[in-house]
Amino acid sequence: TTLVAVLNSLHIRQYNKYYDEVQDIIARPSANRQAALDSARKSMPRLLVCAPSNAAVDNVILKILEDGFVDGKGKRYNPS
């Protein structure tokens, strides 16, 4: 559905931002790395799904769990 596609694109955008941040941290000297990784863990991608009813949210989540998301390479995955 369109809503799942929008959520998919938001998730990919947030994940790519997080991934770039982790890559930058890994390139740093090892003395600063652990504290920076701990800080980056707090910014892992998350999505908040809101709808007029709990049933509507359940339907969206079930659709995501059944079909999964598509990553930038066209492969399906289930966000956790």
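That block above? That's the structure.
The structure contained in this document is the topic of the report that follows. (Residues numbered from 1 in each chain as written. Predicted model: local features only at pLDDT ≥ 70, side-chain atom pairs only at ≥ 80, totals over all residues. Heavy atoms only, no water.)

1. What to know about the environment of isoleucine 64
Argument step 1. Mapped onto the elements, isoleucine 64 comes out in helix H3 (residues 54-67).
Argument step 2. Residue contacts for isoleucine 64: discarding those within four places in its chain leaves Val4, Leu7, Phe69, Asn78 and Pro79. (Helix = DSSP H or I, 4+ residues; strand = E, 2+ residues; numbered from the N terminus. Contact = heavy atoms within 4.5 Å.)

2. Overview of a nonpolar patch on the surface
Argument step 1. On the surface, a nonpolar cluster with roughly 210 Å² of combined accessible area is contributed by Val6, Leu10 and Leu47.
Argument step 2. Turning to its location among the elements, valine 6 is positioned in helix H1 (residues 2-26).
Argument step 3. Classification of valine 6 as partly exposed rests on a relative accessible area of 40%. (Patch = residues over 30% accessible without salt bridge, like charges linked within 9 Å, V, L, I, M, F, W, Y side chains within 5 Å. Areas by Shrake-Rupley, 256 points an atom, 1.4 Å probe, with all protein chains shown as cover. Salt bridge = Lys/Arg side-chain N within 4 Å of Asp/Glu carboxyl O. Buried < 20%, exposed > 50% of the residue type's maximum accessible area, 1.4 Å probe, protein only.)

3. Looking at the packing of H1 against helix H2 (residues 30-41)
Argument step 1. Here H1 crosses H2 at 170 degrees, and the two axes come no closer than 9 Å. By the criterion of interaxial angle, the relationship of H1 to H2 is roughly antiparallel. Residues Tyr18, Glu21, Val22, Ile25 and Ile26 of H1 pack against Arg33, Ala36, Leu37 and Ala40 of H2.
Argument step 2. For the contact of H1 with H2, the class distribution of residues is seven nonpolar, no polar and two charged. (Axes fitted to C-alpha atoms, helices over the stretch in contact; angles between N-to-C directions. Parallel < 35°, antiparallel > 145°, perpendicular 65-115°, else oblique. Nonpolar A, V, L, I, M, F, W, Y, C, P; charged D, E, K, R; others polar.)

4. Brief notes about the layout of surface pockets
Argument step 1. Of the voids in this model, the second largest pocket is the one considered here, and its volume is about 180 Å³.
Argument step 2. If you go around the second largest pocket, the residues you meet are His11, Ile12, Tyr15, Asn16, Tyr19, Asp71, Gly72, Lys73 and Tyr77.
Argument step 3. It is H1 that provides the largest number of residues to the lining of the second largest pocket, a total of five residues. (1 Å grid on protein atoms, 1.4 Å probe; cavity = no way out; pocket = protein on both sides within 12 Å on 5 of 7 lines; lining within 4 Å. Points joined across faces, edges and corners; volume = space filled by probe spheres on them.)

Worth remembering: the numbers are spatial, not functional.
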